[in-house]
Amino acid sequence: MSEIDTLVREIAKRLEEKAEKILKKEEATITITDSNIDDILTKNRVVFVDCWAPWCAPCHIYEPIFNKMAEKYKDKIVFGRLNVDENPKTADKYGVMNIPTTLIFLNGNLVDQIVGAVDETTLEEYIKKYLV
């Protein structure tokens, strides 16, 4: 086997390993639905829920900000996204009138909410407030 063949095989092996890691990477946010929200709130101390809809332009602006904070704090807080069109029961239960709205739960209780698409700094201030 030539030196070039060896290099090609080594590079191919490394690329394959990287691809596997990328494909296995867990999402930092979970999908929240009418049927799983109670279970999620019961099992987690702090939960941030992004209430959104596919047709909502500000929701799409806010999504990468929410996802970035979810990635940063995924070991400390549960971040979930709730499609209000598909889960109207939960949206009604918590009085979500505008989207995006971020519902903040502490020990299963709604303790705060952020109405509208906010920037990273604002969202992170809320996160730090409830990390204590």
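Residues numbered from 1 in each chain as written. Predicted model: local features only at pLDDT ≥ 70, side-chain atom pairs only at ≥ 80, totals over all residues. Heavy atoms only, no water.

An unreviewed UniProt entry lists the protein under the name Thioredoxin, from Sulfurisphaera ohwakuensis.

A. Looking closely at the pairing of strand E3 (residues 78–83). Taking burial as the measure, the six residues of E3 include six buried ones, the bulk of the element. In E3, alternate side chains face the same way, and those of Val78, Gly80 and Leu82 on one face and Phe79, Arg81 and Asn83 on the other are all buried. Two strands pair when backbone bridges link them, and strand E1 (residues 29–32) and E3 are joined in this way by four bridges, in the parallel orientation. Across the sheet, threonine 31 pairs through a bridge with arginine 81, a residue of E3. Strand direction decides the pairing type here: strand E2 (residues 46–52) and E3, joined by six bridges, are parallel. Pairing of valine 49 across the sheet is with glycine 80, part of E3. (Buried < 20%, exposed > 50% of the residue type's maximum accessible area, 1.4 Å probe, protein only. Helix = DSSP H or I, 4+ residues; strand = E, 2+ residues; numbered from the N terminus. Pairing = 2+ DSSP bridges.)

B. Main features of the state of the cysteines. A full pass over the atoms with the stated rule returns one disulfide. Here cysteine 56 engages in a disulfide with cysteine 59; their sulfurs sit 2.4 Å apart. Judged by the sign of its S-S torsion, about 80 degrees, the bond between cysteine 56 and cysteine 59 is right-handed. The burial state of cysteine 56 is the same as that of cysteine 59; both residues are buried. Cysteine 51 carries a free sulfur, and the closest cysteine sulfur to it, the one in cysteine 59, is 9.1 Å from it. (Disulfide = S-S within 2.5 Å.)

C. Spatial organisation of the environment of isoleucine 77. Mapped onto the fold, isoleucine 77 is located in the loop between helix H3 (57–73) and E3. Overall, isoleucine 77 belongs to the buried group, its relative accessible area being 3%. The spatial distance from the C-alpha of isoleucine 77 to the C-alpha of histidine 60 is 22 Å, given a sequence separation of 17 residues. Among all residues touching isoleucine 77, those that are not within four sequence positions of it are Val46, Phe48, Ile127 and Leu131. (Contact = heavy atoms within 4.5 Å.)

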